[in-house]
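# A look at the structure
Each chain, letter by letter, is given below.
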Amino acid sequence: MDDDEWHRQRDWQEWEDEGENELEAVLSVLKEPGEPVQEPRGRRDRLPEMQEYGPGLSRKRRSPAERLRPRLDALRELIGLSRTRLDGATLAEAGRVLDAADERYQLSGEHTVVAVAGATGSGKSSLFNALVGADRSDVGARRPTTAEPVACVWSGGWPGAEALLDRLGVSARRRYAPAPGAPALPGLVLLDLPDHDSAVVGHRDQVDRMLELVDAVIWVVDPEKYADAVLHERYLRPLAGHAEVTFVVLNQVDRLPGDAAVQVVDDLRRLLDEDGLALGEHGEPGAAVLALSAATGEGVGELRETLRQFVAERGAADRRLAADVDAAAGRLWPAYVADGRYGLTEPAREEFEDWLAEAVGAGAMGSAAERDWLRHAERACGTPWLRLRLRRRAGARGRGGRPGGGTSPGRTGASRLWHRDACTEVDAGGEEPCATVGGWVPVDGRATARPLVEQAVRTVAGEASEGLPGPWAQAVREAATRGAEGLPEALDRAAAVSEGALRAGPQVRPRWWSVAGVVQGLLALSQVTGVLWLLAVAVGAAEAGEWLSALLVAGIGTAGGPALSWACGVAGRAPARRYGQEAERRLRTAAAVCGRAAVLEPVAAELLRYREVREQYAVAAGL
């Protein structure tokens, strides 16, 4: 295998490994415990297509701009979806990055703006002049030397560079071209910034503003102040994610004896590593660390060649913006990434519906419906004398103004529900507890229903918002609270409809009720016939020997009626239970429908909105 083929094979394997790591990162963020995840179409899905051509024809790598544009679009969509959920301060940095990206893409893409920054006395202006090939920036003992930024534009780049320099605020009189005969660095716009540790506050503010706008930075340090806390804590550490557009240059190495320069560079690398700044070693992307002397020219040629290759790639602006997006996404992480599992589980939904069913008294209505069915069966299958007695009692109570007189379950007023199980009083006659027709009495259900509804809403909102970032958890709780405002009234209406359906008793009456009623009529007729026959025997209107037959007929009629009623009651227990369960199920279903419309659907909408922004965040963060 020749060298070219070996390199192609190695690039192919590195690309596959990179794709696997990127895919695992996406899944680790987006996957929820217990939730199946559909992997996005990415490198793994494209591998068969790529392998068709073999590793020798490796895929064309996307440019930094092609990788960055989808992230910027996702970040813009993310901000739009989050404005009503997050405060402006949280989204301000992301908005600034988008504005900076829009401005930069409207300007020249053929130029790379590199700033030379450093502390007082580090020799950054001397290095600037060494790269330019002429004394364009003031160098002297007076501190601070550089009071305003100085720019140098290489080889015919003025037309496109003018707008960039206007954006940076570089004065027209401080814009230069390199010295004749200076090495060509086409596309480079080099800036010499004021000292970042200047005693003049305006100079520091100017440095901070321009560092946010340039494409890359050359940090110049000297052997005495390379470990300066201001440099590391204020600049290098916060910009650790910008390693690919950062150069760290140890200047004035001519002042170091022997191998002291190597030791200082090693210590500088250690400090940069502690700052979290990735170092570009062994071909890996990261910050370049060089040692040179602007005064003697030692190492300046190496820096110039590094800059030439860097500028020739035309990707510095995109890498800088990508690093800005990374930083903005990192600050937004707590606002978008859930801590573990979130959402509505099936047990939580069932518990919510159980609370609502209890609030409307579904169980009580089922029990009352069961007893009501048995009561109707008793009337249908009872003796004529029992039916006559019940009818007279109902009429008496109706004339006396009792609440249930002659009516079935119903409503009086907005908050008056009728529940059979609420009856605890004993009727004045002492015969039957709450002996109204149908066994129903009015009770005020709202006083007990509202606390149950509130508890149900709090519980389901807490379950749905658990693990969510603060703003989204609050949005879920607010959605549940808003939906719950009219929920008790909706439940009252649902209960009224269900109760109204029970007023007339079972809509489909069993046929055996009619058969039992006919038999009861025959038995009553037998009883009357037997009694009259016995009277006839007693007064001599009938033969004396017929008294036994008359007694038998009367006995069958008298004992058969209650016996048949008892048998019908035993036979009706199972159908009555099913009837009560069906009534309870209907009311539970009605309550669940109200709860879903008022609470669960708004909560689900908020969770869906969060899922959407979370997916946009994953794209914006480059995960």
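No experiment lies behind these values; they were computed from the predicted model shown. Throughout, a residue's number is its position along its own chain's written sequence, starting from 1. Totals for whole chains, interfaces and linings use all residues, but because this is a predicted model, local features are given only for residues with pLDDT of at least 70 and pairs of side-chain atoms are given and counted only at 80 or more. Side-chain metrics rest on all non-hydrogen atoms present in the structure, leaving aside hydrogens and water.

### Looking at the environment of Ala475
Strands here are runs of E lasting at least two residues and helices are runs of H or I lasting at least four, both read from the DSSP assignment and numbered beginning at the N terminus. Turning to its location among the elements, Ala475 is positioned in helix H16 (residues 470-484). The contact criterion used throughout is that any non-hydrogen atoms of two residues lie within 4.5 Å. Those residues in contact with Ala475 that sit more than four places away from it in its chain are Arg85 and Glu606.

### Observations concerning unusual backbone geometry
We note that Gln252 has phi near 65 degrees; this positive angle belongs to a residue other than glycine. Here Gln252 is to be found in the loop between strand S6 (246-250) and helix H9 (260-274). A relative accessible area of 13% places Gln252 in the buried class. One non-glycine residue with positive phi stands out, namely Arg314, at about 55 degrees. Along the chain, the position of Arg314 falls in the loop between helix H10 (300-312) and helix H11 (316-336). Residue exposure (1.4 Å probe, protein chains only): buried if accessible area is under 20% of the type maximum, exposed if over 50%, otherwise partly exposed. Exposure remark for Arg314: the relative accessible area of 32% places this residue in the partly exposed category.

### Considerations on the nonpolar core
In terms of nonpolar packing, the biggest core is built from 75 residues, with Tyr336, Leu487 and Val599 touching the most fellow members. Among the elements that take part in this core, helix H20 (residues 573-620) stands out by supplying 15 residues, more than any other. The residues contacting Val599, other than those within four sequence positions of it, are Phe352, Val457, Val460, Ala480, Gly483, Ala484 and Leu487. What we call a nonpolar core is a set of buried Ala, Val, Leu, Ile, Met, Phe, Trp, Tyr and Cys residues that are connected through their side-chain atoms within 4.5 Å.

### Some points on the sheet that holds strand S7 (residues 288-291)
We call two strands paired when DSSP finds no fewer than two bridges between them. A sheet is described by the order of its strands in space; here seven strands give the open sequence S3-S2-S4-S1-S5-S6-S7, paired in mixed fashion. Where the open sheet ends on each side, the last strands, each with one partner, are strand S3 (175-176) and S7. As paired strands, strand S1 (residues 112-118) and strand S5 (residues 216-221) are joined by five bridges and run parallel to one another. Following the sheet pairing, Val114 is matched in S5 by Ala216. Working convention: axes come from line fits to C-alpha atoms, limited for helices to the stretch in contact. Angles between N-to-C directions cover 0 to 180 degrees. Packing of H9 onto the sheet brings it into contact with S5, S6 and S7, and relative to S6 it is tilted by some 145 degrees.

### A look at the pattern of salt bridges
Whenever a carboxyl oxygen of Asp or Glu lies within 4 Å of a side-chain nitrogen of Lys or Arg, that contact is scored as a salt bridge. Inspection of the entire model under this criterion finds 30 salt bridges. Between Asp326 and Arg71 there is a salt bridge, and its shortest N-O distance comes to 2.3 Å. Taken together, the residues span a long stretch of sequence, with Asp326 in helix H11 and Arg71 in helix H3 (residues 64-82) at a distance of 255 residues. Asp326 gets classed as partly exposed once you look at its relative accessible area, which sits at 36%. Taking relative accessible area as the criterion, Arg71 reaches 12% and is therefore assigned buried. A salt bridge links Glu224 to Arg255; its shortest N-O distance comes to 2.8 Å.

### Topic: the environment of Glu162
Turning to its location among the elements, Glu162 is positioned in helix H6 (residues 158-168). Sequence spacing of Glu162 and Ser108 is 54 residues, and the spatial spacing of their C-alpha atoms is 9.3 Å.

### Some remarks on empty space enclosed by the protein
Residues are said to line a cavity or pocket when one of their atoms sits within 4 Å of a point; the points come from a 1 Å grid over protein atoms alone, cavities being sets where a 1.4 Å probe fits but cannot get out and pockets being open sets with protein on both sides within 12 Å along at least five of seven lines. Grid points are joined across faces, edges and corners, and a volume is the space filled by probe spheres set on the points. Applying the stated criterion across every chain yields a total of three cavities of 30 Å³ or more. The space that makes up the largest cavity amounts to roughly 70 Å³. Lining of the largest cavity is provided by Ala100, Arg104, Arg167, Glu212, Leu213, Val214, Asp215, Ala317, Arg320, Leu321 and Asp324. When contributions to the lining of the largest cavity are tallied by element, the ones reaching two or more residues are helix H4 (88-106) and H11. Among the elements that make up the lining of the largest cavity, the one with the highest residue count is H11 (four residues). All amino acids are sorted into three groups, where Ala, Val, Leu, Ile, Met, Phe, Trp, Tyr, Cys and Pro are nonpolar, Asp, Glu, Lys and Arg are charged, and the leftover types, Gly among them, are polar. Taken together, the residues of the lining of the largest cavity sort by class into five nonpolar, no polar and six charged.

### Structural notes on the packing of H3 against H11
Contact pair H3 / H11: the axes reach a minimum separation of 10 Å and the direction vectors enclose 35 degrees. Considering the relative orientation of H3 and H11, their crossing is left-handed. In contact with Pro64, Ala65, Leu68, Arg71, Leu72, Leu75, Leu78 and Ser82 of H3, H11 contributes Asp318, Arg319, Leu321, Ala322, Val325, Asp326, Leu332 and Tyr336. Residues that form the contact of H3 with H11 fall into these classes: eleven nonpolar, one polar and four charged. Each crossing gets its hand from how the near helix is turned against the far one by less than a right angle, where anticlockwise is left-handed and clockwise is right-handed.

### A short note on the side chain of Thr112
When you line up the elements, Thr112 lands in strand S1. Aside from chain neighbours lying at most four places away, what touches Thr112 is Gly187, Leu188, Val189, Asp215, Phe310, Val311 and Ala316.

### So, a nonpolar patch on the surface
On the surface, a nonpolar cluster with roughly 460 Å² of combined accessible area is contributed by Trp385, Val528, Val531, Leu532 and Leu535. With four residues, helix H18 (residues 511-538) is the largest single contributor of residues to the nonpolar patch. Inspection of the secondary structure assignment puts Val528 in helix H18. The partly exposed category is assigned to Val528, whose relative accessible area is 34%. Patches here are clusters of residues that have more than 30% relative accessible area and form no salt bridge, with a 9 Å joining cutoff for like charges and a 5 Å cutoff for nonpolar side chains (Val, Leu, Ile, Met, Phe, Trp, Tyr). Calculation of accessible area relied on Shrake-Rupley with a 1.4 Å probe; when residues are assessed, cover is drawn exclusively from the protein chains displayed.

### Quick notes on H20
Take the residue count of a helix, subtract one, and multiply by 1.5 Å to get its expected span. Between its first and last C-alpha atoms H20 spans 65 Å; for 48 residues at 1.5 Å apiece the expected length is 70 Å, and the two agree. The largest bend in H20 is about 45 degrees, located at Arg596. A positive phi of about 75 degrees marks Gly622, the residue just after H20. Think of it this way: the bend at a residue is just the angle between two axes, each fitted to seven residues, one set ending at that residue and the other starting at it.

### Side note on helix H7 (residues 201-211)
By the burial criterion, the buried members of H7 are His203, Gln206, Val207, Met210 and Leu211. Along the long axis of H7, the arc covered by the buried residues comes to 125 degrees, so they all point the same way. What the arc measures is the spread of directions leading from the helix axis to the C-beta atoms.

### A short note on the packing of aromatic side chains
By convention, a stacked pair of Phe, Tyr or Trp rings (six-membered ring in the case of Trp) has centres within 6.5 Å and planes under 30 degrees apart, an edge-to-face pair has planes over 60 apart, and any other such pair is tilted. What the rule picks out here adds up to six aromatic pairs. Between Phe247 and Phe310 the ring centres are 5.2 Å apart and the planes differ by 85 degrees, which places this aromatic pair in the edge-to-face class. Residue Phe247 is located in strand S6, and its partner Phe310 is located in helix H10; the two are separated by 63 residues in the primary sequence. For the pair shown, Phe247 and Phe310 are each scored as buried. Taking 5.8 Å as the distance between ring centres and 55 degrees as the angle between the ring planes, the aromatic pair formed by Trp472 and Tyr610 counts as tilted. Taken together, the residues Trp472 in helix H16 and Tyr610 in helix H20 connect sequence positions 138 residues apart. Using a relative accessible area of 1% as the deciding quantity, one classes Trp472 as buried.

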